[in-house]
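Residue-level structure breakdown
One letter stands for each residue in the lines below.
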Amino acid sequence: MKRFARPRTGAAAVVSVLSLALVTGCSDSGSGSGSDGKDGGKDAAAAAKPLSDSELGKLIIAAADAKGFKVSPVSKAQAFAASKKDVKVVDEKCAPLAYVLTGFAPGDSASFVSRTAQEDPTAKASASPTKDMEDMTPEELEKALGSVTDALGSTMTIVSLSSYEGDGAKETMSSVSEAIKGCGGGFTATAEDGPQKFSKVVGEKASGNGDESVAFAADGDAEGSPLTVHAEVARHGNTVATYYSLSLAALAYDGKAAAYSVLAALIKAQTAKLG
């Protein structure tokens, strides 16, 4: 099975999806380098009391917030490691990137929640197949196979929220940005099941949401097949939202897939819920 985290989705009926994922690169609203920071508004919230897991649970995206997506909690079977402390990185400065890529909070947070969100291929279909394949007409079989293709062609994203004491959220964003500058040549994250290597990290243009945001792409390896994953990290006061995405088609077809990125609709939906 191919490594890379483990968000199993509807496509897992055909392919076991392992999604480790993303790294963070910095970008401003125009150049693709540095961070998109906004000095006003919610900056005072950095000194506020951090939110609890329960409070973050009410703020993280749900299916009702994102039309056309299936949203669910991240299960233990999907996790790269049992806990954040089990993720090891030889080069300590790259640890914030490794945490984002393994589905954990990028900094020393007071609370944390996460969800998986996958484009729902059934939203494009009038109905799911109700017959066995051998009983289908050619037209029904074509439609059923089309649903499988849609699932494999979709993008899966792990969305997380983490909340911090004092200036912890700002410091976390700085550590992520600095890690991108110092870890562009890649790094390796290791857990109980073994290592996951990333050979390259590059900054991408961030959405500009929140008080500051950074985005990136990372080249990884899924059992010998190259795979590029994408992520964005955004600060909203003393809460940090992370998004890391991978193409199920790229995972299934040895890295061969159309260009993609973190879906703007998910970022927009989560940003709206954070207020």
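Residues numbered from 1 in each chain as written. Predicted model: local features only at pLDDT ≥ 70, side-chain atom pairs only at ≥ 80, totals over all residues. Heavy atoms only, no water.

**Looking at the overall build of the protein**
To keep things clear, this is the line we draw: Numbering of helices and strands runs from the N terminus; a helix is a DSSP stretch of H or I covering at least four residues, while a strand is a stretch of E covering at least two. For every residue, the accessible area obtained with a 1.4 Å probe (protein chains only) is divided by the maximum for its type, and the residue is called buried under 20%, exposed over 50%, and partly exposed between those limits. The contact rule is simple, with two residues in contact once any of their heavy atoms fall within 4.5 Å.
Across its full length, the protein carries 6 helices and 10 strands. For the protein, the proportion of its 275 residues judged to be buried stands at 49%. Of all intrachain contacts in the protein linking residues separated by at least 6 positions in sequence, the fraction that spans at least 24 positions is 71%.

**Points about the pairing of strand β4 (residues 111-119)**
Moving residue by residue along a regular strand, the side chains alternate between the two faces of the sheet. The line we're drawing: Should DSSP find at least two bridges between two strands, the strands are regarded as paired.
Where strand β2 (residues 69-73) lies against β4, 5 bridges are found, and the strand directions are antiparallel. Paired with Ser72 across the bridge in β4 is Thr116.

**Structural notes on the packing of aromatic side chains**
Threshold: Stacked, edge-to-face and tilted labels apply to pairs of Phe, Tyr and Trp rings (six-membered ring for Trp) whose centres lie within 6.5 Å, assigned for plane angles under 30 degrees, over 60, and everything in between, in that order. For a lysine, the NZ atom is tested; for an arginine, the CZ atom; a charge sits over a ring if that atom is within 6 Å of the ring centre and within 35 degrees of the ring normal.
Evaluation of the coordinates by the stated rule reveals 1 aromatic pair. The ring of Tyr99 carries the charged tip of Lys84 above its face, separated from the ring centre by 4.6 Å.

**Examining the pattern of salt bridges**
Here is the rule: The term salt bridge refers to a pairing of a side-chain nitrogen on Lys or Arg with a carboxyl oxygen on Asp or Glu at a separation within 4 Å.
Following the criterion strictly, the structure yields 5 salt bridges and no others. A salt bridge links Glu178 to Lys181; the shortest N-O distance between them is 3.4 Å. Separated by 3 residues within a single helix, Glu178 and Lys181 lie in helix α4 (residues 168-182), roughly one turn from each other. Among the residues examined, Lys181 registers a relative accessible area of 60% and is labelled exposed.

**Some points on the side chain of Ser162**
Defined as follows: Residues adjacent in sequence count toward polar contacts only when both atoms are side-chain atoms; beyond that, a polar contact is any pair of N or O atoms within 3.5 Å, and within protein one must be able to donate a hydrogen and the other to accept it.
Note on placement: Ser162 falls in strand β5 (residues 155-163). Within polar-contact distance, the side chain of Ser162 engages the side chain of Tyr164 at 2.8 Å. Contact partners of Ser162, with chain neighbours within four places excluded, come to Leu56, Ala105, Pro106, Ser109, Ser111, Phe112, Asn238, Thr239 and Val240.

**Some words on the confidence of the model for the protein**
Detail in the predicted coordinates should be disregarded across regions flagged by low pLDDT. Keep this limit in mind: pLDDT measures how confident the predictor is about each residue, on a scale from 0 to 100.
Taken residue by residue, the protein gives an average pLDDT of 76. The fraction at 70 or more is 67%. Per-element confidence in the protein ranges from a low mean pLDDT of 52 for helix α3 (residues 138-152) to a high of 97 for helix α1 (residues 53-59). Note on residues 5-34: pLDDT under 50 across the span, and 128 contacts to partners over four residues away in sequence or across chains.

**So, the nonpolar core**
Definition in use: Nonpolar core, defined: a set of buried Ala, Val, Leu, Ile, Met, Phe, Trp, Tyr and Cys residues in which side-chain atoms within 4.5 Å join the residues together.
Counting residues in each nonpolar core, the largest one holds 38 residues, and the members touching the most others are Val87, Leu97, Phe187, Phe216, Val229 and Val233. When residues of this core are traced back to their parent elements, those giving at least two are α2 (95-101), β5, α4, β6 (187-191), β7 (194-204), β8 (212-222), β9 (225-236) and β10 (239-247). In terms of residues, this core owes the most to one element, α2, which gives 6 residues. Within the second largest apolar cluster, 17 residues are counted, among which are Leu56, Leu161, Tyr243 and Ala269.

**Some points on the pairing of β9**
Counting buried positions along β9 gives 10 out of 12 residues, so the element sits mostly inside the fold. Bridge count between β9 and β10: 7 bridges; the pairing is antiparallel. Residue pairing across strands places Arg235 opposite Val240, the latter belonging to β10. Between the end of β9 and the start of β10, which pair antiparallel, lie 2 residues, with Gly237 showing a positive phi angle near 65 degrees.

**A word on the environment of Ala269**
As for its position among the elements, Ala269 is in helix α6 (residues 264-274). Relative accessible area serves as the criterion here: at 13%, Ala269 is assigned to the buried category. Between the alpha carbons of Ala269 and Asp65 there is a distance of 6.1 Å; along the sequence they are 204 residues apart. Leave out the neighbours within four places in its chain, and Ala269 touches Ile61, Asp65 and Ala66.

**Quick word on α6**
Among the residues of α6, Leu266, Ile267, Ala269, Gln270, Thr271 and Leu274 are the ones counted as buried. For α6, the elements touching its buried residues are α1, β2, β4, β5, β9 and β10. Gly275 sits one or two positions beyond α6 and adopts a positive phi of about 80 degrees.

**Overview of the environment of Ser52**
Following the sequence through the fold, Ser52 ends up in the loop between β1 (36-37) and α1. Here Ser52 falls in the partly exposed class, since its relative accessible area comes to 33%. Separated by 60 residues in the primary sequence, Ser52 and Phe112 place their C-alpha atoms 8.0 Å from one another.

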